[in-house]
Amino acid sequence: MGNPKSSALSRMVANLGRGNAFVIVERLDDEADGDWYVQVWLRDDNTYQLEFRDGTAAEHYQTRTISQEKVIAALSGWAEGRPEWKDAFMWNNISTFFADAG
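Definitions and cut-offs
- Residues numbered from 1 in each chain as written.
- Predicted model: local features only at pLDDT ≥ 70, side-chain atom pairs only at ≥ 80, totals over all residues.
- Heavy atoms only, no water.
- Helix = DSSP H or I, 4+ residues; strand = E, 2+ residues; numbered from the N terminus.
- Buried < 20%, exposed > 50% of the residue type's maximum accessible area, 1.4 Å probe, protein only.
- Areas by Shrake-Rupley, 256 points an atom, 1.4 Å probe, with all protein chains shown as cover.
- Lys, Arg positive; Asp, Glu negative; His and termini not counted.
- Charge placed at Lys NZ, Arg CZ, Asp CG, Glu CD.
- Contact = heavy atoms within 4.5 Å.
- Axes fitted to C-alpha atoms, helices over the stretch in contact; angles between N-to-C directions.
- Parallel < 35°, antiparallel > 145°, perpendicular 65-115°, else oblique.
- Left-handed = near helix turned anticlockwise from the far one by under 90°.
- Nonpolar A, V, L, I, M, F, W, Y, C, P; charged D, E, K, R; others polar.
- Polar contact = N/O pair within 3.5 Å; in protein donor to acceptor, adjacent residues only side chain to side chain.

Engineer: Just checking my understanding: could you explain the overall build of the protein chain for this structure?
Structural biologist: Scanning the protein chain from N- to C-terminus turns up two helices and five strands. Written out in order from the N terminus, the α and β elements of the protein chain read α-β-β-β-β-α-β. Based on the C-alpha atoms only, the size of the protein chain along its principal axes is roughly 35 × 30 × 25 Å. Scored against the burial criterion, the 102 residues of the protein chain give a buried share of 40%. A total accessible area of about 6,400 Å² is found for the protein chain, and carbon and sulfur atoms account for 48% of it. Charged side chains of the protein chain number 10 positive and 16 negative; the gap between the two group centres comes to 8 Å.

Next comes the structure, spelled out in structure tokens:
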């Protein structure tokens, strides 16, 4: 998806459920090395697990919330490049879960 609009992201998150539990938004930039993305997983307990990676496994973070609105705001803010997109959450660095964390 090119530059997803907020309404498209909102529909994707609203449609999460069994068999369709993930939304991943990647930043495709030929100038930036590494993986740049934000993703959400609707867990079986109806909480949202939100993660983002800023280029490397060492910069991979995770949080959880019950708020669909906060998830949509975070995904939209990230996609639009707004620096405050992650301020509504307490983030945990989960780089130790990845073998390539250096």
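Engineer: When you look at the environment of Q39 in this model, what are you seeing that I'm missing?
Structural biologist: Looking at the element boundaries, Q39 is found in strand β2 (residues 35-42). The exposure class assigned to Q39 is buried, which follows from its relative accessible area of 17%. Excluding residues within four positions of it along the chain, Q39 makes contact with V23, I24, Q49, L50 and E51.

Engineer: I keep staring at the packing of helix α1 (residues 6-14) against helix α2 (residues 68-80) and nothing clicks. Help me out?
Structural biologist: The description of two packed helices rests on the angle between their axes and on the distance between the axes. Between α1 and α2, whose axes approach to 9 Å, the crossing angle comes to 140 degrees. It follows that α1 is oblique to α2 by the angle criterion. Between α1 and α2 lies a crossing of right-handed hand. Along the contact surface, α1 presents S6, L9, S10, V13 and A14, while α2 presents Q68, V71, I72, L75, S76, A79 and E80. For the contact of α1 with α2, the class distribution of residues is seven nonpolar, four polar and one charged.

Engineer: Even after reading the chapter, I still don't get the side chain of R53, so can you show me in this structure?
Structural biologist: Mapped onto the secondary structure, R53 falls in strand β3 (residues 48-55). On the basis of relative accessible area, R53 is assigned to the buried category, the value being 6%. In terms of polar contacts, R53 uses its side chain to reach the side chain of H60, at 2.9 Å.

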